[in-house]
Amino acid sequence: MNDLYYTVRVINKTAYSPTDDSRVEIIADGLEDGRAYAAAGEGFSFTTALTEAGKGYVSLVTRSTSSGEPVVLTPSAEGDYVIGEVSDDVTITVTSCRLGDVNFDTKVNVSDLLELSRIIAGYKAPTTLERLAANTNRDLAGRVNVSDLLQLSRYIAGYINAF
């Protein structure tokens, strides 16, 4: 029997506030007050779900340990996030932002169009979260291109009311 357990800490926040956990619900067995425990060598899995307040938001999920840089996690086909063979304390960070809010000022407007134009033209290298917010056409490959710019401009002009 294995008596060694590691702490799995879950931080749920938005790009706008480190204490706003109202956009995404994190669901995992044994998760209580943002903490769970995983036996050494065993896996940990969880899912995320948008809340009513999180409609129109997207989330970046990362994992980090005391010995390394954060790594972006992608869900399985079923929507589960899985960390296999836990061998250190783990911090999972779920950061949400509004789709289309490329400059993270809480509004989707012409400033975001300009920021997205700079990214597409190669004048600015986007962060992973900026790339996620900019992928307004939600292509599965996560590419940010002119299609996203057109989709964002249609939203700002009022031709569409959601992405």
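A brief look at the structure comes next. Remember, it's a predicted structure, so these values are computed and weren't measured experimentally.

Comments concerning helix H3 (residues 146–157)
The α-helix advances 3.6 residues per turn, and as a result positions three or four apart in sequence lie on the same side.
For step 1, the next point in the chain: In this model, H3 (12 residues) spans 16 Å end to end at C-alpha, consistent with the 16 Å of a helix rising 1.5 Å per residue.
For step 2, the next point in the chain: Buried-residue contacts for H3 involve strand S8 (90–98), helix H1 (110–121) and helix H2 (128–134).
For step 3, the next point in the chain: Between a side-chain oxygen at the N-terminus of H3 and the backbone nitrogen of serine 147 the separation is 3.0 Å; the capping residue is asparagine 145.

Let's talk about unusual backbone geometry
For step 1, the next point in the chain: One non-glycine residue, aspartate 33, lies in positive phi territory at about 55°.
For step 2, the next point in the chain: Within the secondary structure layout, aspartate 33 lies in the loop between strand S2 (24–27) and strand S3 (35–39).
For step 3, the next point in the chain: For aspartate 33, a relative accessible area of 76% gives the class exposed.
For step 4, the next point in the chain: One non-glycine residue, phenylalanine 104, lies in the positive phi region at around 55°.
For step 5, the next point in the chain: Within the secondary structure, phenylalanine 104 sits in the loop between S8 and H1.

Concerning the layout of surface pockets
For step 1, the next point in the chain: There is about 830 Å³ of room inside the largest pocket.
For step 2, the next point in the chain: Along its surface, the largest pocket is lined by 25 residues, and Val58, Ser59, Pro75, Tyr81 and Leu132 are the ones closest to its centre.
For step 3, the next point in the chain: Elements with a minimum of two residues in the lining of the largest pocket: strand S4 (44–50), strand S5 (57–65) and H2.
For step 4, the next point in the chain: A total of 5 residues in the lining of the largest pocket trace back to one element, the largest contributor, which is S5.
For step 5, the next point in the chain: Residues that form the lining of the largest pocket fall into these classes: 15 nonpolar, 7 polar and 3 charged.

Side note on the packing of aromatic side chains
For step 1, the next point in the chain: The full count for this structure, using the stated rule, is 4 aromatic pairs.
For step 2, the next point in the chain: By way of ring pairs, the aromatic residues Phe44, Phe46 and Tyr81 are connected into one cluster.

Digging into the packing of H1 against H3
For step 1, the next point in the chain: Where H1 meets H3, the closest approach of the two axes is 10 Å, and the angle between their N-to-C directions is 175°. Comparing the axis directions of H1 and H3 gives the class roughly antiparallel. Residues Val110, Asp112, Leu113, Leu116, Ser117 and Ile120 of H1 lie in contact with H3, whose contacting residues are Val146, Asp148, Leu149, Leu152, Ser153 and Ile156.
For step 2, the next point in the chain: Each residue belonging to the contact of H1 with H3 can be placed in one class, and the counts come to 8 nonpolar, 2 polar and 2 charged.

About the cut-offs
Residues numbered from 1 in each chain as written. Predicted model: local features only at pLDDT ≥ 70, side-chain atom pairs only at ≥ 80, totals over all residues. Heavy atoms only, no water. Helix = DSSP H or I, 4+ residues; strand = E, 2+ residues; numbered from the N terminus. Expected span 1.5 Å × (residues − 1). Contact = heavy atoms within 4.5 Å. Polar contact = N/O pair within 3.5 Å; in protein donor to acceptor, adjacent residues only side chain to side chain. Buried < 20%, exposed > 50% of the residue type's maximum accessible area, 1.4 Å probe, protein only. 1 Å grid on protein atoms, 1.4 Å probe; cavity = no way out; pocket = protein on both sides within 12 Å on 5 of 7 lines; lining within 4 Å. Points joined across faces, edges and corners; volume = space filled by probe spheres on them. Nonpolar A, V, L, I, M, F, W, Y, C, P; charged D, E, K, R; others polar. Phe/Tyr/Trp six-rings, centres within 6.5 Å; stacked < 30°, edge-to-face > 60°. Axes fitted to C-alpha atoms, helices over the stretch in contact; angles between N-to-C directions. Parallel < 35°, antiparallel > 145°, perpendicular 65-115°, else oblique.

By themselves, these figures tell us nothing about what the structure is for.
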